[in-house]
Amino acid sequence: AQSVTQLDSQVPVFEEAPVELRCNYSSSVSVYLFWYVQYPNQGLQLLLKYLSGSTLVKGINGFEAEFNKSQTSFHLRKPSVHISDTAEYFCAVLFRPGGSTLGRLYFGRGTQLTVWP
Amino acid sequence: KAGVTQTPRYLIKTRGQQVTLSCSPISGHRSVSWYQQTPGQGLQFLFEYFSETQRNKGNFPGRFSGRQFSNSRSEMNVSTLELGDSALYLCASSPGGGGNTEAFFGQGTRLTVV
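Residues numbered from 1 in each chain as written. Chains lettered and ligands numbered in written order. Predicted model: local features only at pLDDT ≥ 70, side-chain atom pairs only at ≥ 80, totals over all residues. Heavy atoms only, no water.

Caption draft 1: A look at the overall build of chain B. What chain B contains, in helices and strands, is 0 helices and 11 strands. In chain B, the order of α-helices and β-strands from amino to carboxyl end is β-β-β-β-β-β-β-β-β-β-β. Over its C-alpha trace chain B gives a radius of gyration of 13 Å, about what one expects of a compact globule, namely 13 Å for 114 residues. The dimensions of chain B, computed from C-alpha atoms along their principal axes, are 40 × 25 × 25 Å. Buried residues in chain B amount to 52% of all 114 residues. The long-range share in chain B, meaning contacts at least 24 apart out of those at least 6 apart in sequence, stands at 54%. Surface summary for chain B: the accessible area is close to 5100 Å², and the carbon and sulfur share equals 47%. (Helix = DSSP H or I, 4+ residues; strand = E, 2+ residues; numbered from the N terminus. Rg over C-alpha atoms; globule rule 2.2 N^0.38 Å. Buried < 20%, exposed > 50% of the residue type's maximum accessible area, 1.4 Å probe, protein only. Contact = heavy atoms within 4.5 Å. Areas by Shrake-Rupley, 256 points an atom, 1.4 Å probe, with all protein chains shown as cover.)

Caption draft 2: Main features of empty space enclosed by the protein. Considering all chains together, one arrives at 1 cavity of 30 Å³ or more under this definition. If you add up the space inside the largest cavity, you get close to 40 Å³. What lines the largest cavity is simply N41 and Q42 of chain A together with R9, Y10, L88 and R110 of chain B. By residue class, the composition of the lining of the largest cavity is 2 nonpolar, 2 polar and 2 charged. (1 Å grid on protein atoms, 1.4 Å probe; cavity = no way out; pocket = protein on both sides within 12 Å on 5 of 7 lines; lining within 4 Å. Points joined across faces, edges and corners; volume = space filled by probe spheres on them. Nonpolar A, V, L, I, M, F, W, Y, C, P; charged D, E, K, R; others polar.)

Caption draft 3: Expanded view of the layout of surface pockets. Here the largest pocket defines a volume of roughly 310 Å³. Around the largest pocket sit 18 residues that line it, and Q38, E88 and F90 of chain A together with Q37 and R110 of chain B are the ones nearest its centre. For the lining of the largest pocket, the elements supplying multiple residues, two or more each, are β10 (87–95) of chain A together with β4 (31–38) and β5 (42–50) of chain B. Of all the elements, β10 of chain A adds the most residues to the lining of the largest pocket, at 3 residues. A per-class count over the lining of the largest pocket returns 7 nonpolar, 8 polar and 3 charged. Going through the elements one at a time, β1 (3–6) and β11 (104–107) of chain A together with β5 of chain B are the ones with two or more residues in the lining of the second largest pocket. The dominant element in the lining of the second largest pocket, judged by the number of residues it contributes, is β11 of chain A, at 4 residues.

Caption draft 4: The arrangement of the state of the cysteines in detail. Residue and element names in this part refer to chain A. Counting across every chain of the model gives 2 disulfides over all chains. In this model C23 forms its disulfide with C91; the gap between the sulfur atoms is 2.0 Å. An S-S torsion of about -65 degrees defines the bridge between C23 and C91 as left-handed. In this pair, C23 sits in strand β4 (residues 23–26) while C91 sits in strand β10, placing the two residues 68 residues apart along the sequence. With a relative accessible area of 0%, C91 lands in the buried category. (Disulfide = S-S within 2.5 Å.)

Okay, structure coming up:
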């Protein structure tokens, strides 16, 4: 079975401080992991993805994530946040049952990142 | 290249009515998926379509249905609306085919059932 747990529902942080958003997953098959960002009244934008290979994945807007198989984690980090990073962040795992061309994403419940000046 | 387009952006319906939401994928994309987002349940998968065929279905009642046309555009329909159907409905498109792993999301349709 596939599932994703985002350990923090809200993370407040001051501008220019580092941030880590935590994500743990459970998957019975090959692991494809994603982080998406959602701004108010918008859809989801892909930040980064892990499919295979290097466990450190770099994404857009200065974000990066590290895949840790032994700890079944995929935490998102940014060394210095900006006001514009205020948004909701979703971790997801992709499950591809037979016959699928893309599959289905299982999402965590989201982490609201609020950056204060 | 235009992104995923969902229409309408906002919709208000009355309980018991039905509604149809539309999604136009990125040009050249052949796979379309739908998700429901609510504060209570979060993001949940509804269905996936490719080449006009439903390939995958989530755990939703039969009131939720969808289809895909030959130009890859997709519609989803919800009949006999309930208050709990109020949600942001997101459509995602992807190229389709083997090895495909990335979904591109539209801005969503905000459905309010009163």
